[in-house]
Every structure is written in C-alpha cells, then in structure tokens.
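These are the residues of each chain, in order.
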Amino acid sequence: MDKQERLENLNELLSSYYNSDDFFEQTDLAVSIIQGHVDWLIQQNKELFKQRNQFREALIHIRDNSSDGLAKFISKQVINKIMK
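Residues numbered from 1 in each chain as written. Predicted model: local features only at pLDDT ≥ 70, side-chain atom pairs only at ≥ 80, totals over all residues. Heavy atoms only, no water.

Peer 1: Would you explain helix H3 (residues 69-82) in this entry?
Peer 2: Taking 1.5 Å per residue as the helical rise, H3 with its 14 residues ought to reach 20 Å, and the 20 Å between its terminal C-alpha atoms agrees with that figure. A side-chain oxygen of the first residue of H3 lies 3.0 Å from the backbone nitrogen of Leu-70; this N-cap is Asp-68. (Helix = DSSP H or I, 4+ residues; strand = E, 2+ residues; numbered from the N terminus. Expected span 1.5 Å × (residues − 1). Polar contact = N/O pair within 3.5 Å; in protein donor to acceptor, adjacent residues only side chain to side chain.)

Structure below.
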C-alpha cells in the first residue's frame, strides 16, 4: 500500500470512527487504526535498517578501496558512529 492509499484508508477509518455512535464499532475502528499505524512503523523501521546497511556497505567499499587517506579516515569514523 503506497502513502496515498494508506492516508485514504486512515481517513476513512477516522471518519467512520467519528461518525459512529456504537462504542464497540469505535473500539474496533480504533484497534484497526492503531494496528495499521504499528504495521506502518515496523515497515518504516525495516526500510531504515535496509538503507543504513546500504550506506554502511558503501562506506566500507570506500574505506577498503580508496587511495585517499582522508576518505578512508572519514568512512571509518562514520562506520563506527552508525554501528553504535
């Protein structure tokens, strides 16, 4: 689900929540909203770790293959920082 679809789905759930007088329905909708957000956060976390690992691999490549001493030093320092 892309961002636009996710926002439209969230907007529909919120609209249903606020338009409902049924407390049980509101509870189910609230759980759906929260679960959807938690799922999105988990997916975002996975994507960030993937990007971090790609960045780390690029820095390792620079560190191991660069003839420039400064580039090696900087890449080593950044690798150490992001791995904490």
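Moving on from the model shown.
Peer 1: Is there a simple way to think about a negative patch on the surface in this case?
Peer 2: On the surface, Asp-2, Glu-5, Glu-8 and Glu-12 cluster together to form a negatively charged patch. Within the element layout of this structure, Glu-8 appears in helix H1 (residues 3-19). (Patch = residues over 30% accessible without salt bridge, like charges linked within 9 Å, V, L, I, M, F, W, Y side chains within 5 Å. Areas by Shrake-Rupley, 256 points an atom, 1.4 Å probe, with all protein chains shown as cover. Salt bridge = Lys/Arg side-chain N within 4 Å of Asp/Glu carboxyl O. Lys, Arg positive; Asp, Glu negative; His and termini not counted. Charge placed at Lys NZ, Arg CZ, Asp CG, Glu CD.)

Peer 1: Even after reading the chapter, I still don't get helix H2 (residues 23-65), so can you show me in this structure?
Peer 2: Side chains three or four residues apart in an α-helix point the same way, a direct result of the helix having 3.6 residues per turn. Over its 43 residues, H2 runs 63 Å from end to end, which matches the ideal 63 Å to within 8%, given 1.5 Å per residue. All of the buried residues in H2 are Gln-26, Leu-29, Ile-33, Leu-59 and Ile-60. Elements in contact with the buried residues of H2: H1 and H3. (Buried < 20%, exposed > 50% of the residue type's maximum accessible area, 1.4 Å probe, protein only. Contact = heavy atoms within 4.5 Å.)

Peer 1: Whenever I open this one, the pattern of salt bridges confuses me. Can you help?
Peer 2: Should the charged atoms of two oppositely charged side chains come close, the side chains can pair. A full pass over the atoms with the stated rule returns two salt bridges. Here Arg-56 ties to Glu-57 by a salt bridge, and the two come within 3.5 Å at their closest N and O atoms. The class for Arg-56 is partly exposed, based on a relative accessible area of 24%. Note on Glu-57: relative accessible area 46%, which makes it partly exposed. Of the charged contacts in the structure, one is a salt bridge between Arg-63 and Asp-64, with a shortest N-O distance of 2.9 Å. Of the residues examined, Asp-64 reaches a relative accessible area of 47% and is grouped as partly exposed.

Peer 1: What am I meant to see in the side chain of Arg-6 here?
Peer 2: Within the element layout of this structure, Arg-6 appears in helix H1. The side chain of Arg-6 is buried and forms no salt bridge, while Asp-39, the nearest opposite charge, is found at 8.9 Å. Only 3.1 Å separates the side chain of Arg-6 from the side chain of His-37, close enough to count as a polar contact. Not counting residues up to four positions away in its chain, the partners in contact with Arg-6 are Met-1, Gly-36, His-37 and Trp-40.

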